[in-house]
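Coordinates in review
The residues making up each chain are set out below.
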Number of protein chains: 4
Amino acid sequence: MIERYKDPKIDELSSDKAKTQRWQDVELAVIEAKTKLGLAPPNVYEEILVLWTKNPIDLEKWYENEKASDHDLAAFIKERKDCLPPELARYVHADNMTSYDTEEPANAIYLLNCLQLVFKQIDVLHHTLRQLAEKHRYTIMNGRTHGQEAELQSFGKRVCTWLRPIQQVKEMMFFIRNKRLNYSRLSGAIGNYSGISPELEKEALEILGLVPYVGATQIMPRSNYMPLISSLVELMGNIANIAIDIRLGARSGRPIYQEPFKKTQVGSSAMPHKKNTIKTENSAGMYIMGSNFATMLQQTMVTWEERAIEQSCVERIAWADLFHVVMYALKTITKVLEGLEVYPDNMYQEIIESRGCYAASHAKEVLVELLTPEGLSSEEVYRIVQLASFNAFEVPKLRLGLRKRLPHSIPHAVTALVTMGIVKPEPIVSIQTTIRGGKLRVFEGLEATADQVKAWNIALKTVFGHQSAIDKWNLIFDPTWLLRNESYIFNEVLGK
Amino acid sequence: MIERYKDPKIDELSSDKAKTQRWQDVELAVIEAKTKLGLAPPNVYEEILVLWTKNPIDLEKWYENEKASDHDLAAFIKERKDCLPPELARYVHADNMTSYDTEEPANAIYLLNCLQLVFKQIDVLHHTLRQLAEKHRYTIMNGRTHGQEAELQSFGKRVCTWLRPIQQVKEMMFFIRNKRLNYSRLSGAIGNYSGISPELEKEALEILGLVPYVGATQIMPRSNYMPLISSLVELMGNIANIAIDIRLGARSGRPIYQEPFKKTQVGSSAMPHKKNTIKTENSAGMYIMGSNFATMLQQTMVTWEERAIEQSCVERIAWADLFHVVMYALKTITKVLEGLEVYPDNMYQEIIESRGCYAASHAKEVLVELLTPEGLSSEEVYRIVQLASFNAFEVPKLRLGLRKRLPHSIPHAVTALVTMGIVKPEPIVSIQTTIRGGKLRVFEGLEATADQVKAWNIALKTVFGHQSAIDKWNLIFDPTWLLRNESYIFNEVLGK
Amino acid sequence: MIERYKDPKIDELSSDKAKTQRWQDVELAVIEAKTKLGLAPPNVYEEILVLWTKNPIDLEKWYENEKASDHDLAAFIKERKDCLPPELARYVHADNMTSYDTEEPANAIYLLNCLQLVFKQIDVLHHTLRQLAEKHRYTIMNGRTHGQEAELQSFGKRVCTWLRPIQQVKEMMFFIRNKRLNYSRLSGAIGNYSGISPELEKEALEILGLVPYVGATQIMPRSNYMPLISSLVELMGNIANIAIDIRLGARSGRPIYQEPFKKTQVGSSAMPHKKNTIKTENSAGMYIMGSNFATMLQQTMVTWEERAIEQSCVERIAWADLFHVVMYALKTITKVLEGLEVYPDNMYQEIIESRGCYAASHAKEVLVELLTPEGLSSEEVYRIVQLASFNAFEVPKLRLGLRKRLPHSIPHAVTALVTMGIVKPEPIVSIQTTIRGGKLRVFEGLEATADQVKAWNIALKTVFGHQSAIDKWNLIFDPTWLLRNESYIFNEVLGK
Amino acid sequence: MIERYKDPKIDELSSDKAKTQRWQDVELAVIEAKTKLGLAPPNVYEEILVLWTKNPIDLEKWYENEKASDHDLAAFIKERKDCLPPELARYVHADNMTSYDTEEPANAIYLLNCLQLVFKQIDVLHHTLRQLAEKHRYTIMNGRTHGQEAELQSFGKRVCTWLRPIQQVKEMMFFIRNKRLNYSRLSGAIGNYSGISPELEKEALEILGLVPYVGATQIMPRSNYMPLISSLVELMGNIANIAIDIRLGARSGRPIYQEPFKKTQVGSSAMPHKKNTIKTENSAGMYIMGSNFATMLQQTMVTWEERAIEQSCVERIAWADLFHVVMYALKTITKVLEGLEVYPDNMYQEIIESRGCYAASHAKEVLVELLTPEGLSSEEVYRIVQLASFNAFEVPKLRLGLRKRLPHSIPHAVTALVTMGIVKPEPIVSIQTTIRGGKLRVFEGLEATADQVKAWNIALKTVFGHQSAIDKWNLIFDPTWLLRNESYIFNEVLGK
């Protein structure tokens, strides 16, 4: 991974230093286990431990050895043995151990350690989302489906829908840690224990905090890691989902929220007025990378017979890079959420300008109830609410002219722009009023004749002659009523 | 492909009827070629042709034969031979032909025919885009980068940027047709011409409009089709790109355009007010499918030795389905573009409300020129324009209060909403005025002290004391000047 | 999915009939729940149930309705309501239910049902593998790493390494079923329960065997299904792994096993002698398809705000097709394994011809022990075993000539072929004998001088002068010793 | 990319040094163009050139600047301007240039330069393949389909089938270079030339060896690079295809070729006898990585409106890494092919042991001709050749016993192994003899009664009573005849 996107802790875990340290841990665990099982004299483990602690791994020597042998693990063993007297050295990587008897448990520990870092970062994100949800428990906004304003919700509730899948994926990762990543093997060149015995494997792995996977070949089946890979993609998808919602809400004109912007920040080199959504766009790019690093790993699942080495080069690169982008995405979205600028006034303005349509579905339900006795079908009721909504967004004539007569030159376009500047803002009329008052108008874009519309208006006036109907009607436009069940969501998701 | 997304012509080409017809064409071409080369008596071709024309392929018999032999091509040959007398039948699929000697040229023809349908549909899309570009040659709007309003452009110009990549991909497809798809082979079980000779292959393929690919095995190398696959993905990506721009512009609040909506359409079953962007969202889904059908095909590129059959099942499904989704995406986006509802008034309103920021980058350039002599650095100039822009979007106190004091209950939220309803719309002040008048104000979100701002205002007043500076200044806010070079784009892209 | 690869039961579950039946089940569950909660008169549920049972869903009417409304769920509701009197009809899909309040629980049930079919088929495969493992508990063969003969194992043990990952993936699928697939939601257009209450959701889902997912939007977050998708890919990868091992073992020359071949089968239309590995190659193609259907679904994880519909078209196709290919792959590999022709004699012949190399790693260990006192380094010991192995495969002069002098014409090639025909088969000499007897020879391809080799031979003769050394030596070539720990694997994997 | 797999030249091109050098080249080109077009005083270009040559880019200063501004291009411009006097500095990155006006042409040059390196490496591979093909022009071997021996070919011909697709992909890459990569743009923040004019863009790009892409936004459409991406995957697929053929041929037992093995090499740390196919397995891993780096890039094709920045992080990583793995794969496969150990004797032995089946398809053809007059159907002829083939591979009784009676303990397995050691090798009888002599035998695994077989033998004896039939028959087993058309392939592919 390039510097810009590296996570320092993942980088440390992925370093040669950490890798060879893990290899040494495995070698030591095997020797310790042998001592315990009486397969080696009691002093051997302690003495090797002392000497290796005194002589830490010399990476330069290791690199030199590898140049000669072209075999990294063998080069490492040589370096380690060289600082031991022969009578101790013979216990190192003995019993017909193959490279992967050392590398596989080390790899398991690497993945467990990386996952631990991910867990910690998830917790920070979780905390941030929780705080944001609570802060905006009552900040009301339009929910949107298909980019269109739909119904009312609080912004806190939207945050809850961001948070819940994060909880889910963490639960899954715990299961994976305990049912997949804790497994490893130490069973020889083809996994038949012709050298190391099952007892020794068990003992050595236990020292390392692992349990034997019985039924391996020279390596763990790569399918063992598929759930981890998939859960990391799931996590990144969840982050990308939050990111896209923020990008969409941050579109200029009337942003409802924006990424944090530093007092000294340069938004764009050319255009000083801009506050670009660079962090959330970056999250989208990170998700693309993460899912493809994951696919690389997935595509090495199939291995010829007792093993082949296609997966080796892929794993050298893709695991670390996958963890780097996961961590980067986690940290980036957390930073965005921590500093998120929220504009409740714009959220309210959006609600006002949506002209009561946020209650359109409830309006339809109430009208079905009121107008069925008047002989109107539910299809007609649907059309009434639809017509009222379209009426609500009709534009004044001057504006309609601009819409219909397109400019035929730039100067003409400038004139149109100036004209638009003097169009008086139309007053905002809610469908609540139009429908209640029976003030529907024929609309070009909807199939309804003047007679039909007239009849509908009469029916509306009739039913709304009764106060009870008006009360029922007004209720559904009241946010207090519309959001009455949100506390359930907060309680369940935030656990309070 | 399921009924809903099938293209009827692709479906016909992919049918068993069409497939076996192509197989027959190949068999006939070989026999005709043999006649021409004197490898068969002169009458053989004509007589078989007559008999096969009289007895069209009986698919039911074919299915029956296949049940017995488990081999589709062998079953077909049997069906065809059965309607010939033995003295003719012996010329059919003779000379040690393998199944793939028949299937490969047939497959080449299938791909060429499908591509031809794609070409036609691209032409319709091209025409539609061209008309839209011309229609909106002077409809001005804000270009957006990172979702933020950037500079001015005409909508026609945006359409040109949608159109140009379509032209490119079509050019690429022509090259692929002529340099890849026209190849096929008829060279026996391992491609060494131990049966059919190179001369016969050449003659037969020529009859079919194809040329020999020398250096094949039993099959064409699947790498031959990679460019076609990739170009279809490229095309779908281009369509998805148009689609997402439309989705983004169609967000409710102030849509600049919308997908066509029928007079009798039901936008949403629950919410009658909605005009959902279902077609453009569908284009995104189609792109996902298309690119993965493509990946399926790409992943069969590697074949063991002289051949294996991993690719067979994939190709039975993925080629047809890839073409179906390509056609569907082409037709869908064309329909959307043909009926696109464009709202120039909203585009103008957006420009007005962007408060002159569309010229922010030019403002910076002009101010550098004007203020450098006054001793201001270009970094300071940048801050001036940035500050003016942020000043332009400052909100009145009442509104700021709503922003800072979040509701702590739903009734409180309702009060906030009501308050927002009575906030008077702030007058729109362009950065053109603020800067020219030296009216910058200190702004919390930007690092600039009162003294600095004061000094800047003085400098601005000084330089704008000269009419020439004012003229230069006003020019950059004039769309006539800003869009002066767009005609070049129209000429080059639309070829006029 | 095309006919050829369809699973009839998956097809039935994916049919319009089954889909609308599930929709009806959801509608009924909501009505039943309302009755239970006192939100509808007690008789309503029973009466609707009776009438709907009498009048099963009329698909033709449904299709007709959809043509009119362009909305499949709305069309369905209309069809269902039409067979009810108005006083009952008003309880159907009421309370502001949106389409996805019906579709999401139905979808959950669909996935659960499909998974159930997968479970059953996994059990059949499991049983088949288990039987095969037990049958070949003692059939010894060479394990291979990197395509090279490595150590000895039983074929049963290889089968255990095929079986174990299948057990793992099934365990994972159980977890997914209980922690992911059992969730659904019924919470309205943006998931805020403005219509249906949390209580009603809970009751209705319970009737359907589901539990509420709190924190959804209009839809379940698609991330909820990622683990299922991934586990299906994992399963297909496991199958592909078995398939490739069979393909590799079935290569002609000396196959160790082959796919079943019917007495009347046609192996290849052109080449009658062939038994092609078509089923296992097909498994590779199926894996390619499966993993890409999975990626399609994965790529719809991100959804704009409270929902968008990109995933709809993808899910209509990819879920069913993914399950079809999973089932097909499961059934195909099971069929191959059930009828697998195993050739133990060829396995033995391979072992014999590997000239004792199967014990090379143990030989190295024993020699280190024996030769270290003689002053040989472990590097030298490695070279000794390597040289012995290379000596073991040296070819006679006549053959070496053929290797070095390449034919310069086809007739010359024919002569070479004839020459090869008269080369007497060299006697097979094991490294067991060469090393024990100190009979190493200088070999061109390995760096070791004549003096070195001489010295090594002397040392070997010395150490093998003792019977105890010979006994130790012979032991490591004895399969009884080499396979002594395999019973552990069988016990653990087969549970006995 | 990690050290192990880096290509030094790609690495150099991808370095910060090279990147900023390219940025400077673009800035200089713009200034030079302005001078040429009279938009800047004539001396400006020369003077800046001189000063910048004297003061090469100081990367440390650049890094420092970036820390302050968080904007890499702006930081670079500052560093470059700082070494110029103000009267020159004002011409740098002027005219409202955006970052991407500099970065896009620089990126085009980067891709062109990388591609140039790929071309050179392809040429080396091409040369190596060509030499190998010529060397083995007459080395005969079995072609294999589905892993099964099929017909005869020369090894040189197989190499031709490896070579041809490489030629094709290179041709495609040339087209891409000339029709895609040579394009770039310099058209401002949204691509409307509001700053830099079309004339200046054209002039500046021409100086850089590029041509204007008219119809861009702030950036080139990413679809422009899809064909390059795809062709690199195609190339890697071709390499992977060669690699897998080598892996398959190198399986121990009777390898027909092997990867080169150094005299001092350690094949496996544990197993000294091994020559693992590590390089060709690595090629498979590289292909996996390459195709996924490609997919990453493909997935950034769609960009919101006039631009967004999802692709930025992906491109920072994936382009360089894609080129690294392409180069690595090219160099690795070339090394393998240059040092490939070929064993013609084993190829001949394989042919001999395939018992004449290499001519089975021709045998069928000849027999159809000979036996049709005898009243045998072509189905019967097929069965005759099939039976002869299966007869040819029947094993002696002792061996059959081993096949049918599986060991029930390890000692029993050892006995079986010993038994196999004393089975006398059966004499090799070709189907040429069996059929010609009418010596077919009933075979359990094939449906043919004793009477049928008897009748077939009589018919065979009858037709082979004639010398002309015998001559015709023997001819088809003669490699001289079978390979008669290979020279055509060599001529066409190798161009001679």
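Now for a description of the structure that goes with this document.

What counts as what
Residues numbered from 1 in each chain as written. Chains lettered and ligands numbered in written order. Predicted model: local features only at pLDDT ≥ 70, side-chain atom pairs only at ≥ 80, totals over all residues. Heavy atoms only, no water. Helix = DSSP H or I, 4+ residues; strand = E, 2+ residues; numbered from the N terminus. Buried < 20%, exposed > 50% of the residue type's maximum accessible area, 1.4 Å probe, protein only. Contact = heavy atoms within 4.5 Å. Least-squares fit on C-alpha atoms with pLDDT ≥ 70 in both. Pairing = 2+ DSSP bridges. Buried area = accessible area lost by both parts, 1.4 Å probe. Salt bridge = Lys/Arg side-chain N within 4 Å of Asp/Glu carboxyl O. Polar contact = N/O pair within 3.5 Å; in protein donor to acceptor, adjacent residues only side chain to side chain. Nonpolar A, V, L, I, M, F, W, Y, C, P; charged D, E, K, R; others polar. Axes fitted to C-alpha atoms, helices over the stretch in contact; angles between N-to-C directions. Parallel < 35°, antiparallel > 145°, perpendicular 65-115°, else oblique.

**Digging into the environment of V429 of chain B**
Residues and elements named next belong to chain B. Topologically, V429 is positioned in the loop between α17 (410-422) and α18 (431-436). Note on V429: relative accessible area 39%, which makes it partly exposed. The spatial distance from the C-alpha of V429 to the C-alpha of S389 is 9.9 Å, given a sequence separation of 40 residues. When near neighbours in sequence (up to four residues on either side) are disregarded, V429 contacts R355, A392 and T434.

**Observations concerning the relation of the copies chain B and chain A**
When chain B is fitted to chain A, the residual RMSD is 0.1 Å, and the transformation amounts to a turn of 180° plus an axial shift of 0.0 Å. Such a turn and shift between the copies fits a two-fold axis. Residue L248 of chain B of chain B places its C-alpha closer to the rotation axis than any other residue of that unit, at 4.2 Å. A shared binding surface is used by both copies, with 100% of the interface residues of chain B retained as interface residues in chain A.

**A look at the pairing of strand β1 (residues 140-145) of chain C**
Residues and elements named next belong to chain C. Counting buried residues in β1 gives six out of six residues, a clear majority hidden from the surface. As judged from the five bridges shared by β1 and strand β2 (residues 148-154), these two strands associate in the antiparallel manner. Along β2, the bridge assignment pairs T145 with Q148. The turn joining β1 and β2, which pair antiparallel and follow one another in sequence, is formed by two residues; a positive phi near 55° is taken by H146.

**Notes on the interface of chain A and chain C**
Listed by partner, the interface residues are 85 residues for chain A and 85 residues for chain C. Together, the buried faces of chain A and chain C total about 7200 Å²; carbon and sulfur atoms form 52% of this surface. Applying the counting criterion to the chain A and chain C interface returns six salt bridges. A salt bridge links E234 of chain C to R180 of chain A, with the nearest nitrogen and oxygen atoms 2.9 Å apart. At the junction of chain A with chain C, the criterion picks out 49 residue pairs in polar contact (both at pLDDT 80 or more). The element best represented in the side of chain A that touches chain C is helix α8 (residues 155-181) of chain A, accounting for 13 residues. Here the side of chain A that touches chain C is built from residues that sort into 36 nonpolar, 28 polar and 21 charged.

**Things to note about the packing of helix α14 (residues 360-371) of chain B against helix α19 (residues 450-463) of chain B**
All names here are of chain B. One way to put it is that α14 packs onto α19 with a least axis distance of 10 Å and a crossing angle of 85°. One finds that α14 runs roughly perpendicular with respect to α19. Seen from α14, the contacting residues are L367, L370 and L371; seen from α19, they are A459, L460 and V463. When its residues are assigned to classes, the contact of α14 with α19 shows six nonpolar, no polar and no charged.

**Focus: unusual backbone geometry**
Residues other than glycine seldom take positive phi values, yet D95 of chain B does so here, at roughly 55°. Mapped onto the secondary structure, D95 of chain B falls in the loop between α6 (86-89) and α7 (99-135). Unlike most non-glycine residues, H93 of chain C shows phi in positive territory, near 50°. Using a relative accessible area of 14% as the deciding quantity, one classes H93 of chain C as buried.

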